[in-house]
Each structure stands twice: as C-alpha cells, then as structure tokens.
Amino acid sequence: MDISLQNIEYRYQANTPFERLAIKDVSIDIPTGTYVALIGHTGSGKSTVLQHLNALLLPTEGTVVIGNHEVKAKQKNKNLKQIRQKVGIVFQFPEHQLFEETVEKDIIFGPMNFGVSEREAKERARRALKQVGLTEEILEKSPFDLSGGQMRRVAIAGVLAMEPDCLVLDEPTAGLDPRGRKEIMDMFYSLHKERNLSTILVTHSMEDAAKYADQIVIMQQGRVVKQGTPLEIFSSVSELVDMGLDVPEVVRFQRSLEVKLGIKLGATYLSIEELSSAVAELLRGAPV
Amino acid sequence: MMEKMIIGRYVPAESLVHRLDPRSKLIIIFLFVCVIFLANNFLTYVLIGIYTFLMLGLSRIPVRFLYAGLKPVLWLVLFTLLLQVFFTKEGSLLYELGPIKIYEEGVRQGIFISMRFFFLILMTSLLTLTTTPIEITDGLETLLNPLKKVRFPVHEMALMMSISLRFIPTLMQETDKIMKAQIARGVDFSSGPVKERIKAVIPLLIPLFVSSFKRAEELAIAMEARGYRGGEGRTKYRLLSWKFADTLQLIILAVLTILLILLRS
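The structure presented is a predicted model; accordingly, all values stated were derived computationally and were not measured. (Residues numbered from 1 in each chain as written. Chains lettered and ligands numbered in written order. Predicted model: local features only at pLDDT ≥ 70, side-chain atom pairs only at ≥ 80, totals over all residues.)

S.K.: Hey, could you run me through the overall build of chain B in this one?
M.R.: Looking only at helices and strands, chain B features nine helices and two strands. Along chain B, helices (α) and strands (β) appear in the sequence α-α-α-α-β-β-α-α-α-α-α when read from the amino end. Summarising the internal contacts of chain B: among those between residues at least 6 apart in sequence, 76% fall at separations of at least 24. (Helix = DSSP H or I, 4+ residues; strand = E, 2+ residues; numbered from the N terminus. Contact = placed C-beta atoms within 7 Å.)

Given below as structure tokens:
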C-alpha cells in the first residue's frame, strides 16, 4: 500500500494560547514494500508525523494519501476506520495498552474490532504470538502477570494480529535488553520482506536505520531536513554531526581509520562485513 | 482530544491577577462564593457580572480560549436554566402548551440561578487559570495552618492536593496516548450506540488505573529516597508576600458586598 504525505502541517491546540507548530511542510513518499526510518531529536516532530499515517491526527494543512484513501486538511473525513485497519501502529511502550483478562483476549481485541470472526482472530493470535517469539501457554495468562519484555511482545502481537499492510513502529524496542531488541527488530524485518509491507520506523538507533531501512528521513524542528538511502545519508558524516546526530559505529570506525592512515576508502560501508573485506582488500593491495 | 479542557489548568501570563498573592485569591474566591448568594434582583446580578468580567479582563486570559474551554460547562448551565423554567410553579402563568406550563417565577429563578452558576464557574476557573498549582497549595497550607492546633493534617492535605493537581496534565497526556493506541486497534470512542461507547471506555480505564497505581508507588519511593519525612521543620523555597494590591482587592470585594446588601430586595 502506497502512502504519501504531501506538504502536511500540524498545529497542536490550534487557536489557544498553547498553540504550537509541530510539523511544517513535511512531504514523504512511502511506496509499497519500502522500509523507511525516521530519525531526529526528541521534539523534532517524528511522533506527530507518525500519527498522521493512520489518521490519528488530521493535518491542519496538506494531504495524506493512504492507499485509496485521501485525508485532506479542513475536511470532514470518513472511513477512518478502514485506514486504521490497514495501518498498524506499535506505539512507544505498547505494553501500556494492555487491558484484557487474558493474553488471548487482548490479542484478538484489535482484529475483532475490525470485524474478524472470533475463530479467525484466535488463529491469528496464535500466529502472531509465534512471530513475536512467545509460546502458546501464555495465552490464558493475565497480561499483567508477565514480565516487561513479554508484555511488550504481547502488545506487538496484538498489532500484528490485525494483519496490517503497513506497519508503523515508534521506537518499538526502547527499554529492552540488547538481545530482545535484535530479536524484535529482525522479526519486523522478516515480516516486512515476507508480506511486502510498508514499514515506517521511528528510531534513535543509527545502527537499526542503517541496517534495515531503504530510505532514511531526517527531521529537525518539525521539518524534513534530509532524505535519502542509508548510503547517501551516512556518507556525509560531518553534516549529521552538525545536526547533533549520531552515525553508525561502522561508519565512525571507517572515518577514524581513514584519518589515522591518511587514506580514503572508495565508498561508505554500512556493515562490519563489508568494511572488513574492504580493509582486507586494501591491506592486500598496498602494504602500509 | 482532551486538549481543550481548561479546568484546573494554569495559563502563564503577566497580569495583575497573576501577580496577586494566592492567599488573597483564595480568600476572594471563598468570599465570592458566599457573597454571590446575596444577589437576588436584576441590579445586584449586574453588579456581580461587572465584577466578574472586570476580574477576567484584568487577568488577560483570551476570551476565545476561555469560551472554547468552558463550552462543555455551558451546557450544564443551560440545563440548570431549563430545569428551573420547566419545574418551578410559582408566580403568574406565562405560557401553556399541553402539559407544559411556564411560570413567571420559573423564568426569573432560572435566569438568576444559571447566572449565579455561570459567574461561579468563571471566578473559580479564574483562580486555577492564573495561579500555579504550587501557589494554590502553598496559599492553602498557610491559610489552614491554624487548624494544626486541632491536629488537622494540613501539610498532608496540601501535599495530596499538589500531587493530584500536578498529575492532572500527566493523566491527560496518558489518556490521550492510550486513547490513540486503542483507536489504532479499532476502538471507536466517538460514534455508535451509547452502550457500545460505554464499553469502549474499558480499554481506556484499565490501563489508566494500572499506570496510575504504578506511578503512585514510584513517586512514593522517589520521595522517600530523597528523605521526605512530612511537613515537620520543612522550610519553603518560595515565600508568599502580601502586597498592597491584595489588600486593595479585598477592599473592592468588601465594597461590592456592601453594595449588594444595600441593593438587594
């Protein structure tokens, strides 16, 4: 499903003394099957952009196109529920949304709201649970008896069970241990590939952005300041540093290596494997 | 969604009302609530109205904002008006349509009572709009201090109040967040039959309760970790200062009271 944000602007609490411009003139295209990483400091407007992707916020200016639906500013918009079925959002700390008596009931809550039959929903719950790496025996437990990590996974399963065409992830692994973080990010990535989803990831981790994303969008003070592939973005390290943003460790290593040896490698490498083979090549070719 | 609610919210600004001592504001509001019951005819209500709007003007709170925030409460005022109009059976009959009879006294009472209600709401929201929660509790704590003699837990009360006021915005944010998360999962809060809508509140309330309890516990631990031991011997960073403007405000209110007593019928 193609998603496109066209020159959207959003003001919080318009026409009050608290009015605040959150984002301005933001245009992002997300064709089907693209993995987009949204990067920026806290308060740069990432979360606001994200909430436009399934019409939780309606733009005060501009147009949001989601599949065949168009959400325009200053218009009565109908059929928002259809949009929400297609776009699943995993919010920050999604475990806060758990409320049912059992894990199963909580996971089927979303699908049932969108009119999926109970049998089908329960099947989906089992599938989703497997995807997030949990076993079926917790289905009958109360979500409030689980550990923090398990709660997170159950909440994510609740979104996956809606089987959306587009996944929106707002720092889905914040506060998890490194292993859980990698497991969940890998799971989202394989799901993205398998089902040809469109995925939008808001993250502070440059490693994740470099590793998974096809496109990176950098936001600053409510505007998009840079867009491009990870290679394009991370090739200009100094620019990122000027914006106060991090670069992936691999890129940082390459830069300091280049400075130390006074050489230039031909390209920017985003994974350890690529960089190490490039360095090996270099060493074989020209002994330092 | 909850953005428009202004009850209990502080609007920072530089104004005469903002600068008043919270103690004088509290006293004024308390007295105003009593004094307003002196009004019982057209002239006295006009007087109260002038006073209220004068205070509003002095506070520099934008009227449009005030209106948007109080709109839900205005319905309540309207409801009071209708209740009085339809159910008071005194005075001469004004209008009759089948079983509905409207009496002169009903209309009079209705207008007066809803006006009184309206002014009360305006003045009390003016207090919270122009005074930070901390100022309010500080003021209240100092005003109630004599009650310590009869072992009334003044400090604890004030602390409870400031904590609850402090967490109103947090709770609102949290509500907004969970609401959005559940809307994304297909809950419809704003349409559908009443029964469905009431059911839709459950996925909102349970997470809110859970997180509130958690937060309360964390707050208690954090306070103990920082050595909180109650109000005994505790000094204050912000000291309240009673200025001439505060005395003047009280005098103005006193004049208003005297006028009301003279003019009421």
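S.K.: I keep staring at the overall build of chain A and nothing clicks. Help me out?
M.R.: Of the regular secondary structure elements, chain A holds eleven helices and ten strands. Taken over the C-alpha trace, chain A has a radius of gyration of 21 Å; the compact-globule value for 288 residues is 19 Å, and the two agree within 12%. Summarising its shape, the C-alpha atoms of chain A cover approximately 65 × 50 × 35 Å along the three principal directions. Out of the 288 residues belonging to chain A, those deemed buried represent 41%. (Rg over C-alpha atoms; globule rule 2.2 N^0.38 Å. Buried ≥ 20, exposed ≤ 12 C-beta atoms within 10 Å, placed from the backbone.)

S.K.: Any chance you could explain the pairing of strand S4 (residues 61-66) of chain A here in plain terms?
M.R.: Strand residues, when the strand is regular, have side chains that alternate between the two faces of the sheet. All names here are of chain A. Here strand S1 (residues 3-12) runs beside S4; their pairing, made up of five bridges, is antiparallel. Looking across to S4, one finds that Leu-5 is bridged to Val-64. Here S4 folds back onto strand S5 (residues 69-72), and the loop between the two strands holds two residues, one of which, Gly-67, carries a positive phi near 60°. (Pairing = 2+ DSSP bridges.)

S.K.: Explain the interface of chain B and chain A to me, please; I cannot follow it from the model alone.
M.R.: Where the parts come together, the accessible area they lose is often given as the size of the interface. Each partner contributes residues to the interface: chain B has 22 residues there, and chain A has 23 residues. Elements with a minimum of two residues in the side of chain B that touches chain A: helix H4 (63-87), helix H7 (154-184) and helix H8 (194-225) of chain B. A per-class count over the side of chain B that touches chain A returns 14 nonpolar, three polar and five charged. (Nonpolar A, V, L, I, M, F, W, Y, C, P; charged D, E, K, R; others polar.)

S.K.: Looking at this structure, I do not really get the nonpolar core. What am I missing?
M.R.: Within soluble globular proteins, side chains that are nonpolar generally end up buried alongside one another. A:Leu38, A:Ile107, A:Ala157, A:Ala161, A:Val168, A:Ile200 and A:Val217 are the most contacted members of the largest nonpolar core, which has 84 residues in total. If you tally residues by element for this core, the top one is helix H5 (residues 148-160) of chain A, at seven residues. When sequence neighbours within four positions are dropped, the list of residues in contact with A:Val217 reads A:Ile28, A:Val36, A:Leu38, A:Ile39, A:Val224 and A:Gln227. One finds B:Ile36, B:Ile48, B:Ile61 and B:Phe119 within the second-largest nonpolar core, a separate group that totals 19 residues. (Core = buried A, V, L, I, M, F, W, Y, C linked by C-beta atoms within 7 Å.)

S.K.: Help me out: how do you make sense of the pairing of S5(A) in this one?
M.R.: Bridging between S4(A) and S5(A) involves four bridges; their strand directions are antiparallel. Within the sheet, the bridge partner assigned to A:Val65 lies in S5(A) and is A:Glu70.

S.K.: Looking at this structure, how should I read the packing of helix H2 (residues 22-35) of chain B against helix H5 (residues 104-130) of chain B?
M.R.: Between two packed helices, the angle of one axis relative to the other and the distance separating the axes together describe the packing. All names here are of chain B. Viewed as axis vectors pointing N to C, H2 and H5 meet at an angle of 170°, and their least axial separation amounts to 10 Å. Judged by the angle between their axes, H2 and H5 are roughly antiparallel. In this structure, H2 contributes Lys-25, Ile-29, Phe-32 and Val-33 to the contact, and H5 contributes Leu-120, Met-123, Thr-124 and Leu-127. Of the residues assigned to the contact of H2 with H5, the class counts are six nonpolar, one polar and one charged. (Axes fitted to C-alpha atoms, helices over the stretch in contact; angles between N-to-C directions. Parallel < 35°, antiparallel > 145°, perpendicular 65-115°, else oblique.)

S.K.: How should I be thinking about the sheet that holds strand S2 (residues 20-30) of chain A in this particular structure?
M.R.: Each strand in a sheet pairs with its neighbour through backbone hydrogen bonds, running either in the same direction (parallel) or in the opposite one (antiparallel). Residue and element names in this part refer to chain A. Sheet architecture is open: four strands sit in the order S2-S1-S4-S5, paired in antiparallel fashion. The open sheet has two edge strands, S2 and S5, and neither has a second partner. Neighbouring strand axes in the sheet, compared pairwise and without regard to direction, differ in orientation by 20° on average.

S.K.: Can you help me understand the packing of helix H3 (residues 42-59) of chain B against helix H9 (residues 244-263) of chain B in this one?
M.R.: Residues and elements named next belong to chain B. The geometry of H3 relative to H9 is characterised by a closest axis approach of 9 Å and an angle of 165° between their N-to-C directions. Overall, the two elements H3 and H9 adopt an arrangement that is roughly antiparallel. Handedness of the crossing formed by H3 with H9: right-handed. For the pair formed by H3 and H9, the contact residues are Leu-43, Thr-44, Leu-47 and Tyr-51 on the first element and Leu-256, Leu-259, Leu-260 and Leu-263 on the second. (Left-handed = near helix turned anticlockwise from the far one by under 90°.)

S.K.: Mind showing me how you'd approach unusual backbone geometry here?
M.R.: With the exception of glycine, most residues fall at negative phi, and the peptide bonds are largely trans. All names here are of chain A. Positioned with a positive phi, Phe-93 is a non-glycine residue whose angle comes to about 50°. Mapped onto the elements, Phe-93 comes out in the loop between strand S6 (87-90) and helix H3 (103-113). Classification of Phe-93 by C-beta neighbours within 10 Å gives partly exposed; the count is 19.

S.K.: Any chance you could explain the sheet that holds strand S3 (residues 35-40) of chain A here in plain terms?
M.R.: Residues and elements named next belong to chain A. Read across the sheet, six strands follow the order S6-S7-S8-S3-S9-S10 without closing on themselves; strand pairing throughout is mixed. This sheet does not close on itself; its edge strands, each paired only once, are S6 and strand S10 (223-228). Looking at each pair of strands side by side, their axes are set apart by 15° on average, direction ignored. The pairing of S6 with strand S7 (residues 166-170) spans four bridges and is classified as parallel. Across the sheet, the residue bridging to Ile-89 is Val-168, located in S7.

S.K.: Help me understand the confidence of the model for chain B, please; the structure alone is not making it clear to me.
M.R.: As a general rule, the predicted coordinates of low-pLDDT regions are not to be interpreted in detail. The pLDDT averaged across chain B works out to 87; a share of 97% of its residues lies at or above 70. Quick note on the complex model: pTM equals 0.76, ipTM equals 0.88. (pLDDT = per-residue confidence, 0-100.)

S.K.: Could you clarify how one ought to interpret helix H6 (residues 133-144) of chain B in this entry?
M.R.: Side chains three or four residues apart in an α-helix point the same way, a direct result of the helix having 3.6 residues per turn. All names here are of chain B. End to end, H6 covers 16 Å across twelve residues, agreeing with the expected 16 Å (1.5 Å per residue, within 8%). Those residues of H6 that sit buried are Pro-133, Glu-135, Ile-136, Thr-137, Asp-138, Gly-139 and Glu-141. Residues of H6 that are buried make contact with H2 and H7. (Expected span 1.5 Å × (residues − 1).)

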